[in-house]
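Here's the letter readout for the chains.
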Amino acid sequence: MPFVKSADQAAIYYEVHGGGEPLVLLSGQANTHHWWDGVRADFEAAHQVVVLDYLGTGRSDKPAGAEYSVRRFATDVVHVLDELGIARAHVYGTSMGGKVAQWLAIDYPDHVGALILGCTSVGGAHGLRADPEIIRALAQPSAEAAREVLIDLMYSPEWVRANPGPYRTLGDPMPGHARRGHLRASNAHDSWAVLDQITAPTLVLHGTDDAFSPVENATILANRIPGAEVRYLDGARHAYFEEQRAEASGAVLGFLAEHPLD
């Protein structure tokens with residue numbers, strides 16, 4: 001199985017699919033590379049697609065006491081790219097993966113071609129969070145009730161009726177310490193002060209009905225990143241990339257075609 005060792009010697013699992021200019025796909029909090037299974041094929045004809053399991057998820061190591069931060073996850077991505085001999089890659093991150101992608105573009109600008117940030121946030125005092133009632137509903141004791149809340153945040157009721165599952169975006173079974181580490185990592189993200197350092201051509205995507213990461217986050221992000229473009233997916237919720245797959249994947253592929261790797 002393909003693994004790479006991180007700086008602290010934790011094993012990080014990755015996969016490579018397709019061919020063409022490299023494209024890294026980064027999943028949401030507490031999720032594996034399977035987050036992308038429903039749409040990954042959209043990119044494989046034109047791109048060498050790299051996916052991975054963050055520390056604490058899937059086949060990657062899940063050490064207690066390790067550093068769990070989005071900035072660390074970005075460094076792990078660089079280790080994967082180095083293992084594959086990829087000097088530069090396009091990066092598409094959604095939700096917490098969009099936070100990881102921001103740090104890739106900030107800390108490792110030479111490794112990043114075009115940057116796509118989906119349903120994500122600058123974090124900190126300038127980022128907008130979900131309503132406290134939503135957070136409480138997700139933390140309720142009934143796992144099944146919390147799951148129903150999460151499904152409703154991800155997809156519209158109409159889409160759920162037409163697509164009864166299984167759903168790939170609801171989180172991975174993880175040890176408690178790893179799940180808490182992911183939550184802390186996402187909540188601690190704050191890129192506001194350094195977003196203007198991003199030099200990669202950037203596209204920001206967001207569903208207009210996203211209550212998990214309010215849609216105003218897209219405008220905040222784009223206003224901080226020089227030259228960033230914004231595209232809204234009308235009526236889409238947090239998992240816009242699945243519910244409005246054709247439009248979202250088409251926007252990403254079009255943007256990448258406009259900004260090829262040199």
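Residues numbered from 1 in each chain as written. Predicted model: local features only at pLDDT ≥ 70, side-chain atom pairs only at ≥ 80, totals over all residues. Heavy atoms only, no water.

S.K.: Describe the packing of aromatic side chains, listing the residues and the values that go with them.
M.R.: For any pair of aromatic rings, geometry is given as the distance between the ring centres together with the angle between the planes. One pass over the structure, following the stated rule, counts nine aromatic pairs. One aromatic cluster in this structure is built from Trp35, Trp36, Phe43, Tyr92, Tyr240 and Phe241. The cationic tip of Arg224 hangs over the ring face of Trp192; the distance from NZ or CZ to the ring centre is 4.2 Å. (Phe/Tyr/Trp six-rings, centres within 6.5 Å; stacked < 30°, edge-to-face > 60°. Lys NZ or Arg CZ within 6 Å of the ring centre and 35° of its normal.)

S.K.: Residues and numbers for the pattern of salt bridges, please.
M.R.: Counted under the stated rule, the structure contains eleven salt bridges. Between Asp42 and Arg245 there is a salt bridge, with the nearest N and O atoms lying 2.6 Å from each other. With Asp42 in helix α1 (residues 41-44) and Arg245 in helix α10 (residues 245-258), the pair connects residues that are 203 residues apart, well separated along the chain. Residue class for Arg245 comes out partly exposed when judged on its relative accessible area of 33%. In this structure, the salt-bridge partner of Glu158 is Arg161, at a minimum N-O distance of 4.0 Å. Here the residue Glu158 and the residue Arg161 both occupy positions in helix α6 (residues 157-162), the gap between them amounting to three residues, near one helical turn. The pair Glu158 / Arg161 is uniform in exposure class, with both members exposed. Taken together, the shared-partner salt bridges in this structure form one network comprising Asp8, Arg72 and Asp76. (Salt bridge = Lys/Arg side-chain N within 4 Å of Asp/Glu carboxyl O. Helix = DSSP H or I, 4+ residues; strand = E, 2+ residues; numbered from the N terminus. Buried < 20%, exposed > 50% of the residue type's maximum accessible area, 1.4 Å probe, protein only.)

S.K.: So what about the packing of helix α2 (residues 70-84) against helix α3 (residues 96-107)? Which residues, and what values?
M.R.: Relative to each other, α2 and α3 sit at 65°, their axes nearing to 8 Å. Comparing the axis directions of α2 and α3 gives the class roughly perpendicular. Remark: the crossing between α2 and α3 carries right-handed chirality. Contacts between α2 and α3 involve Val70, Arg71, Phe73, Ala74, Val77 and Val78 on the former and, on the latter, Met96, Lys99, Val100, Trp103, Leu104 and Asp107. Broken down by class, the residue content of the contact of α2 with α3 amounts to nine nonpolar, no polar and three charged. (Axes fitted to C-alpha atoms, helices over the stretch in contact; angles between N-to-C directions. Parallel < 35°, antiparallel > 145°, perpendicular 65-115°, else oblique. Left-handed = near helix turned anticlockwise from the far one by under 90°. Contact = heavy atoms within 4.5 Å. Nonpolar A, V, L, I, M, F, W, Y, C, P; charged D, E, K, R; others polar.)

S.K.: Outline the pairing of strand β7 (residues 202-207), listing residues and values.
M.R.: Burial within β7 is extensive, with six of its six residues counted as buried. Burial of β7 is two-sided: the residues Thr202, Val204 and His206 facing one way and the residues Leu203, Leu205 and Gly207 facing the other way are all buried. Looking at chain direction, strand β6 (residues 112-118) and β7 are connected through four bridges and run parallel. The residue bridging Leu115 from the neighbouring strand is Thr202, located in β7. Examined bridge by bridge, β7 and strand β8 (residues 229-233) share five bridges and lie parallel to one another. (Pairing = 2+ DSSP bridges.)

Spatial relationships are all this shows, so hold off on functional conclusions.
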